[in-house]
Amino acid sequence: MAHQRWLRIIPVALIAYTISYVDRTNVSLALDPKISTMMRDLAMDDRMKGQAAGIFFLGYVLLQTSGGYLANRWSAKKLVSICLVFWGACAVGCGLSKTFGQFEVMRFLLGVAESSVFPAIVVLLAHWFPRNERARANAAWNLCQPLAVAASAPITGWLLGAYNWKVMLLLEGGLPFVWLPIWWFFISDHPRDAKWISPDEREFLETTLQREAAELESPAKASLAKWFLHPVIPLLMAINFLHNSEAYGCMTFFTDGLKAKHFSAVQYGFLFAVPYAVTAVIMILNSWHSDKTHERRGHIAFVYTLSGASLIASVLTRDYFWLSYAFMCLAIPGPYAALAPFWAIPTETMPGNVFGPVIGLANAIGNIGGFAGPYIVGWLAARYHSTAIPFNVLGAGMLLAAALAFLLPKKKLSLPG
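Residues numbered from 1 in each chain as written. Predicted model: local features only at pLDDT ≥ 70, side-chain atom pairs only at ≥ 80, totals over all residues. Heavy atoms only, no water.

Colleague: Looking at this structure, I do not really get the side chain of S290. What am I missing?
Modeller: Mapping S290 onto the fold places it in helix α15 (residues 265-293). Judged by relative accessible area, which is 0%, S290 ranks as buried. Filtering out sequence-adjacent residues up to four positions away, S290 remains in contact with A135, E295, R296, H299 and P341. (Helix = DSSP H or I, 4+ residues; strand = E, 2+ residues; numbered from the N terminus. Buried < 20%, exposed > 50% of the residue type's maximum accessible area, 1.4 Å probe, protein only. Contact = heavy atoms within 4.5 Å.)

Colleague: So what exactly am I meant to see when it comes to the nonpolar core here?
Modeller: Across soluble globular proteins, nonpolar side chains show a tendency to be buried alongside one another. Counting residues in hydrophobic clusters, the biggest one holds 126 residues, and the most contacted among them are W183 and M350. Top element by residues in this core is helix α1 (residues 4-30). It accounts for 13 residues. (Core = buried A, V, L, I, M, F, W, Y, C linked by side-chain atoms within 4.5 Å.)

Colleague: Is there a simple way to think about the pattern of salt bridges in this case?
Modeller: Pairs may arise between side chains of opposite charge once their charged atoms sit close together. A complete count under the given rule lists 5 salt bridges for this structure. Note that R296 and E348 form a salt bridge whose closest N and O atoms lie 2.6 Å from each other. Of this pair, R296 sits in the loop between α15 and α16 (297-316) while E348 is found in helix α19 (residues 339-349), placing the two residues 52 residues apart along the sequence. Both residues of the pair, R296 and E348, belong to the buried class. (Salt bridge = Lys/Arg side-chain N within 4 Å of Asp/Glu carboxyl O.)

Colleague: Explain the side chain of S36 to me, please; I cannot follow it from the model alone.
Modeller: When you line up the elements, S36 lands in the loop between α1 and α2 (38-41). A distance of 2.8 Å separates the side chain of S36 from the backbone oxygen of A30, its partner in a polar contact. Ignoring anything within four residues of it in the chain, the contact list for S36 reads L29, A30, L160 and W165. (Polar contact = N/O pair within 3.5 Å; in protein donor to acceptor, adjacent residues only side chain to side chain.)

Colleague: Which parts of the structure should I look at to understand the environment of A280?
Modeller: When you line up the elements, A280 lands in helix α15. Residues A280 and G173, spaced 107 residues apart in sequence, show a C-alpha to C-alpha distance of 24 Å. Apart from residues no more than four positions distant in its own chain, A280 is found in contact with L143, P146 and L147.

Colleague: I'm lost on a nonpolar patch on the surface in this one. Help?
Modeller: A cluster of nonpolar side chains, namely Y69, L70, W74, I82, V85, F86 and F177, defines an oily patch on the protein surface of about 660 Å² accessible area. With 6 residues, the top contributor of residues to the nonpolar patch is helix α5 (residues 64-95). Inspection of the secondary structure puts F86 in helix α5. (Patch = residues over 30% accessible without salt bridge, like charges linked within 9 Å, V, L, I, M, F, W, Y side chains within 5 Å. Areas by Shrake-Rupley, 256 points an atom, 1.4 Å probe, with all protein chains shown as cover.)

Colleague: What's the story with helix α7 (residues 117-126) in this structure? I'm lost.
Modeller: Structurally, the α-helix is built with 3.6 residues per turn, so residues lying three or four positions apart point the same way. When you tally the buried positions in α7, you get 10 out of 10 residues, the bulk of the element. The complete set of buried residues in α7 reads V117, F118, P119, A120, I121, V122, V123, L124, L125 and A126.

Colleague: Mind showing me how you'd approach the packing of aromatic side chains here?
Modeller: Aromatic rings in a pair are described by how distant their centres are and how their planes are angled relative to each other. Counted under the stated rule, the structure contains 12 aromatic pairs. Here the aromatic rings of F56 and Y60 are separated by 5.3 Å at their centres, their planes lie at 25°, and the arrangement is stacked. Of this pair, F56 and Y60 are both found in helix α4 (residues 56-60), 4 residues apart, which corresponds to roughly one turn of the helix. Each of the two residues, F56 as well as Y60, counts as buried. Members of the aromatic cluster, joined through ring pairs, are Y17, F118, F342 and W343. Residue placement shows K77 over the ring face of W184; its charged tip is 4.5 Å from the ring centre. (Phe/Tyr/Trp six-rings, centres within 6.5 Å; stacked < 30°, edge-to-face > 60°. Lys NZ or Arg CZ within 6 Å of the ring centre and 35° of its normal.)

Colleague: Help me understand helix α3 (residues 46-54) in this model?
Modeller: Of all the 9 residues making up α3, 7 are buried; the element is thus mostly covered by neighbouring parts of the structure. By the burial criterion, the buried members of α3 are M48, K49, G50, Q51, A52, A53 and G54.

Colleague: Quick question: what am I supposed to make of the packing of α5 against α7 here?
Modeller: Between two packed helices, both the angle of their axes relative to each other and the distance between the axes serve to describe the pair. In contact at an axis separation of 7 Å, α5 and α7 are set at 120° when each is read in the N-to-C sense. By the angle between their axes, α5 is oblique relative to α7. Between α5 and α7 lies a crossing of left-handed hand. In this structure, α5 uses Q64, G67, G68, A71, N72, A76, L79, V80, C83 and W87 to contact α7, whose residues at the interface are V117, P119, A120, I121, V123 and L124. (Axes fitted to C-alpha atoms, helices over the stretch in contact; angles between N-to-C directions. Parallel < 35°, antiparallel > 145°, perpendicular 65-115°, else oblique. Left-handed = near helix turned anticlockwise from the far one by under 90°.)

Colleague: Explanation requested: unusual backbone geometry in the structure shown.
Modeller: Backbone geometry follows two general trends: most residues other than glycine have a negative phi, and most peptide bonds adopt the trans configuration. Unlike most non-glycine residues, A43 shows phi in positive territory, near 55°. Structurally, A43 is set in the loop between α2 and α3. Residue class for A43 comes out exposed when judged on its relative accessible area of 59%. Non-glycine residue H294 carries a positive phi angle of around 55°. Locating H294 in the fold gives a position in the loop between α15 and α16.

Right, dumping it as structure tokens:
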């Protein structure tokens, strides 16, 4: 039987989310005063730099839960289409900003515009990929996160060197409008809606997914409010918070470790990209092995431990540039390589009407870490004139997340009491 969905759904979802990830991460290079005039043009210091990078996530938390609900009850395809239009407008607006206040507002609105995309695509993939494929499917489209950085960082560095941060943000901000018609034409919400899929594959998917959904249904229907009070929800939030704090704290201040060397803007871009290329490889291997062994928690804990220990090691070896850089290449992958098994857990342990909103809620609150990480690193870096202390804090946070991962559920959940 052909598996056409792997060649149609995954690439289109991957590129759509890659574009959103470019729009939220290109600012990391734009905020480096060695290669861009953005901080000078907008009168920013290190504290404001962390604030500008992180405020995206205060907007990003707003529509996560409703996005997961609408994707499940209405249409993931239509919801993401609307988001493409709004986040494209906001990304262009960032490039048109003339003051720090204007830039902050546009970054906040960009977060709002993108906030429904993640839970909507997780729901979409749950409608297309059975349980024994789900970690690989989640990993395949989540490859956009490291690939967006690895592919776009050299281009972003070149645009900053050849033009300026405004031109870079305007050009990269227009990409959602280019991708909108492709998303609309290629994506279907369910196998039953797709005319391009073979009858055998459609029947297999509908039968398998319905059986798996029935296995997770509880005899008595419980309200979403009761599920939101389940003890596993704050656990998902806490792990996701630590995860995002490290991911975005490191990303925003990664180039600080390169300042001792006199690299060009393009060289900065390539050095920034290498850890994310390594991340893509580790993501594929970790998700493949997670599906093969049908194990999730250990695969999450392993990459978190690798990340936390390597980040601390990069600080301890900071006097040896290339050794420290090598440890950073191993510190970056953890949060991303854990994504596939982490988000597979709610879809495999909760009823079908519950996991979409739960993923949205856990991702929303957890993504406050995307604000906290850059802000805390920026504040501590400004206070101590070094990223050593904040990077150690982030590393310790990842080791804590690794321990918490073993408290995540392994089988179908039921409401307590």
